[in-house]
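Secondary and tertiary structure notes
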There are 2 protein chains.
Amino acid sequence: MITATAELLQVQGYHATGLNQITQESNTPKGSLYFHFPGGKEELAIAAIEAAGAEESQKIEAVLNSQEDVGDAVQAFTQLLAEGMLNSDFRKGCPVATVAIETSSTHESLRRVCEQIYMHWFELIEQRLLMAGFNPAETRTWSTLILASVEGALLLSRNQKSVQPLEIIGEHIKTLINQAKPQHQPQQNFSQLNSVS
Amino acid sequence: MITATAELLQVQGYHATGLNQITQESNTPKGSLYFHFPGGKEELAIAAIEAAGAEESQKIEAVLNSQEDVGDAVQAFTQLLAEGMLNSDFRKGCPVATVAIETSSTHESLRRVCEQIYMHWFELIEQRLLMAGFNPAETRTWSTLILASVEGALLLSRNQKSVQPLEIIGEHIKTLINQAKPQHQPQQNFSQLNSVS
DNA sequence: GTCTATATGAGGATAGAC
DNA sequence: GTCTATCCTCATATAGAC
């Protein structure tokens, strides 16, 4: 039920997704929903977003550490997202963005959940940049630019039904970050990096 | 009524905004709504998004041309957006993003309207870059990065209730774009640029 | 052209049998 | 613990008086 909810939230958003649709899609009777989630729709949505966010975190961490070059890593990230868009016929962008933007001003609990997930992704990117030799002050600005442009490109790609925005920013950030990359003594080498849990 | 609808759509989104709320907020009786907009909610939403998008276009064009330096222009853009967020207590981000992300997969007509508005903003940024001396191939990648990161930063800033993401990407893009800027013979000078309608 | 009253359905939530 | 039947509210949309 949680995974069904997560998928519906990602594609349609919070308000467009009804409890009827969730129970129908997941073959779950409506009665037991309120046994497992006494808080109703909002509590179920929180659980679904948290699960989807955690799953996405694992993918992000894996893809960022799949490439030795930090620019390649960012591009691999955007390529992964582009594939996800194509595979879902542009129905699935960021698993939390739709709910985040819908509930930022109206549902404080959901807003906080989304905020925590974004913070975690932010930290994953920062760690990868630190390993590439950037200093802490630089990692902050670069990771913000990366996360913001990725989220924005997901929005634009979904709206345009084209992966062009994702591909363009992936290629461009790769170029920019490799120009800015410290060329001397990265703080950790790639083999250490890859052994992270 | 259109402006009231536009504001509600921006803050709450399409599905969270009811016709009752619109008529109440704008002191309009419900009956005449369907006289002016026979298509109902969807037609009204289209009109509202188009109006909000056009208004925002004017602001974007004005602010991009308010600074002689292209990096300053981008930063002035993000500062304007940051002020809008603060003035609305983080309720108003991009006037079309919420509807765009909600309807990309479900309401083709609204999706198209949002797409057209984004295309227009894209062109405004491209024109500004061309005037700064960038060649057409470069303008495409830079304008995509700028629009994507601005949209993403708006999403993150709204979700975090902090203008930090907007300020960071504004400052960072300013730096990056000035490093990449052609130093010789811009195609048009600033006085010409400012005379654009 | 403008408004009131209402139709019709779907929303989230719950009570209570099993 | 699980499911069915149902409540109440609110949604969009319309009919018809003025």
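It should be noted that the structure appears before, not after, this text.
Quick summary incoming for the structure in this document.

Parameters at a glance
- Residues numbered from 1 in each chain as written.
- Chains lettered and ligands numbered in written order.
- Predicted model: local features only at pLDDT ≥ 70, side-chain atom pairs only at ≥ 80, totals over all residues.
- Heavy atoms only, no water.
- Least-squares fit on C-alpha atoms with pLDDT ≥ 70 in both.
- Contact = heavy atoms within 4.5 Å.
- Near = heavy atom within 4 Å.
- Polar contact = N/O pair within 3.5 Å; in protein donor to acceptor, adjacent residues only side chain to side chain.
- Helix = DSSP H or I, 4+ residues; strand = E, 2+ residues; numbered from the N terminus.
- Buried area = accessible area lost by both parts, 1.4 Å probe.
- Salt bridge = Lys/Arg side-chain N within 4 Å of Asp/Glu carboxyl O.
- Nonpolar A, V, L, I, M, F, W, Y, C, P; charged D, E, K, R; others polar.

The next subject is the relation of the copies chain A and chain B. Rotating chain A by 180° about the axis while translating it 0.0 Å along that axis superimposes it on chain B, leaving an RMSD of 0.1 Å. The transformation just described matches what one would write down for a two-fold rotation axis. Here 100% of the interface residues in chain A have copies in chain B that are interface residues too; the copies meet face to matching face.

Looking now at the protein's contact with DNA strand C. For DNA strand C, the set of nearby residues contains 13 residues, the closest of which are Leu 19, Asn 20, Tyr 34 and Lys 41 of chain A together with Pro 29 of chain B. When the atoms of DNA strand C within 4 Å of the protein are grouped by moiety, sugar and phosphate amount to 62% of the total. At 2.7 Å, a side-chain N or O of Tyr 34 of chain A approaches a phosphate oxygen of DNA strand C. In the model, a phosphate oxygen of DNA strand C is placed 3.1 Å from a nitrogen or oxygen of the His 36 of chain B side chain. The biggest single contributor to the surface near DNA strand C is helix 3 (residues 30-36) of chain B, with four residues.

Contact residues are listed per partner, giving 43 residues for chain A and 43 residues for chain B. For the pair chain A and chain B, the summed buried surface comes to about 3900 Å²; carbon and sulfur atoms form 68% of the total. Interface area lost by chain A to chain B is led by Ile 101, Leu 155 and Asn 159 of chain A, which between them contribute 17%. Linking chain A with chain B are zero salt bridges, by the criterion used here. Between chain A and chain B we count 10 residue pairs in polar contact (both at pLDDT 80 or more) in total. Those elements that place two or more of their residues in the side of chain A that touches chain B are helix 1 (2-12), helix 6 (97-103), helix 7 (108-131), helix 8 (136-160) and helix 9 (164-180) of chain A. With 16 residues, helix 8 of chain A is the single largest residue contributor to the side of chain A that touches chain B. Considered class by class, the residues forming the side of chain A that touches chain B number 21 nonpolar, 13 polar and nine charged.

Turning next to the side chain of Arg 111 of chain B. With respect to the secondary-structure elements, Arg 111 of chain B resides in helix 7 (residues 108-131). Within polar-contact distance, the side chain of Arg 111 of chain B engages the backbone oxygen of Asn 159 of chain A at 2.7 Å. Excluding residues within four positions of it along the chain, Arg 111 of chain B makes contact with Asn 159, Gln 160 and Lys 161 of chain A together with Thr 103 and Ser 104 of chain B.

Residues and elements named next belong to chain B. Secondary-structure assignment places Asp 69 in the loop between helix 4 (41-64) and helix 5 (70-87). For Asp 69 and Ser 143, which are 74 residues apart along the polypeptide, the C-alpha to C-alpha distance reads 16 Å. Among all residues touching Asp 69, those that are not within four sequence positions of it are Arg 128, Asn 178 and Lys 181. Here Asn 178 takes part through its side chain, which lies 3.2 Å from a polar atom of the side chain of Asp 69.

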